[in-house]
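Understanding the architecture of this molecule
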Amino acid sequence: MSSYSKIEISGPDIIIKDIQNFELRDIFDCGQAFRWNKTESGSYIGVAFGRVLEVRKRENDVIFYDCSMEEFNNTWIEYFDLERDYSKIIEELSVDETLKMACDFGKGMRLLQQEPFELTISFIISANNQIPRIKRSIERISERWGRKIYYKGNEYYAFPTVDELREAGIEELEQCGVGFRAKYIYETIQRVLSDKDILNRIKSLDDDGCHKELMEFKGIGPKVADCIMLFSMQKYSAFPVDVWVKRAMQHFYVAPDVTLPKIRKYGREKFGELGGFAQQYLFYYARENNIL
Ligand code: 8HG
């Protein structure tokens, strides 16, 4: 069962009617995506899969501005995970009191299906970093090497393809504010250039295989691998443990002196195939409420 009643065309726009569990703020501020920004009028504009999209929630509808049916069907249905029934996920997770609270807080969240190469580079940048800085670095990389796209007279930049990054050197990457991570990004670019299908192959593995292979890249540890596989490879047992998830788990479930790998194992065992969803509701709840 999908989570909307119907789709309408309105001039150049597409409107999803009566959508459930879909709030742009929850989707874009829950930590999974770095390229969406709120406009003064309350819509969000972002760049994904080489396209600029402006999207707005109006009462129970979602408006996709300037979007053909073809683009909607080929790109945004999957990207926004529109065919998944989130009320069922929330119901299953809510047997746990903590998750009930976290789901209630972030009930409009959806796990986006993002592009694997972009996400790999983005989450290498995320290691020991803060979200505003991560966003700025990704923006600078896109401005420097990505394709320019115009929307309403403004310039936006697609995240560069691996071929567009062929000439990017370590020093130039450093100039984008990524610090010590420049060499990891550089090496990842070289590896994907020499084996273009590598991320698709990794995506086709099972969850544990995927996690293991991603960690073969320098600059990708267990946490970053979990984020990449969860946000771009549909591996929903992934349970990324960063400082916020660690605090939430220690606050609600495990002893304060438990190690990160143990928290990850506990989370995966407790939530199984819904681990990634549970983690995302927890991350968002913990970060927005600054839990200690
Ligand atoms: O969605 C996320 N989940 C987890 N567990 N960690 C994340 C997400 N998004 C995100 O940016 N991070 C990391 O958390 C990156 C950075 O190390 C820190 C920012 O709070």
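This text gives an overview of the structure that appears in the document. (Residues numbered from 1 in each chain as written. Predicted model: local features only at pLDDT ≥ 70, side-chain atom pairs only at ≥ 80, totals over all residues. Heavy atoms only, no water.)

**Digging into the overall build of the protein chain**
Put simply, the rule is: Secondary structure is summarised from DSSP: a helix means a run of H or I of at least four residues, a strand means a run of E of at least two, and numbering begins at the N terminus for each. Our radius of gyration looks at C-alpha atoms and nothing else; its globule reference is 2.2 Å times the residue count to the power 0.38. A 1.4 Å probe rolled over the protein chains alone gives each residue an accessible area, and that area as a share of the maximum for its type sets the label: buried under 20%, exposed over 50%, partly exposed in between. Contacts were defined at the residue level, with two residues in contact if any of their heavy atoms lie within 4.5 Å. Using a 1.4 Å probe, accessible areas were evaluated by the Shrake-Rupley method; residue-level cover was limited to the displayed protein chains. Counted as positive: Lys and Arg. Counted as negative: Asp and Glu. His and the chain ends are not counted at all. All charge positions are set by atom: Lys at NZ, Arg at CZ, Asp at CG, Glu at CD.
Within the protein chain one finds 14 helices and 8 strands. Its C-alpha radius of gyration of 19 Å places the protein chain within 12% of the 19 Å reference for a compact globule of 292 residues. Each of the three principal axes of the protein chain carries a C-alpha extent, and together these read 50 × 45 × 35 Å. Counting only residues that meet the buried cut, the protein chain has 54% of its 292 residues in that class. Long-range pairs, those at least 24 residues apart, make up 66% of the contacts in the protein chain with a sequence separation of at least 6. When the accessible surface of the protein chain is totalled, it reaches about 13600 Å², and 46% of it is carbon and sulfur. Charged side chains in the protein chain number 41 positive and 47 negative. The centres of these two groups are separated by 4 Å.

**A word on the site of the ligand**
Worth spelling out the cut-off: Proximity criterion: a residue is near a molecule or strand once any of its heavy atoms comes within 4 Å of it. Nitrogen and oxygen atoms within 3.5 Å of one another constitute a polar contact, given that in protein one can donate a hydrogen and the other can accept it, and given that sequence-neighbouring residues count only through two side-chain atoms. Put simply, Ala, Val, Leu, Ile, Met, Phe, Trp, Tyr, Cys and Pro go in the nonpolar bin, Asp, Glu, Lys and Arg in the charged bin, and everything else, Gly too, in the polar bin.
Around the ligand sit 16 residues, and of these Gly 31, Ser 126, Asp 242, Gln 279 and Gln 280 come closest. Contact distances for the ligand include 3.0 Å between a nitrogen atom and a side-chain N or O atom of Asp 242. Listed by contribution, the elements that provide at least two residues to the shell around the ligand are helix H5 (116-126), helix H11 (222-232), helix H12 (243-252) and helix H14 (275-288). Counting residues per element, the shell around the ligand draws most heavily on H14, at 3 residues. In terms of residue class, the shell around the ligand is built from 9 nonpolar, 5 polar and 2 charged.

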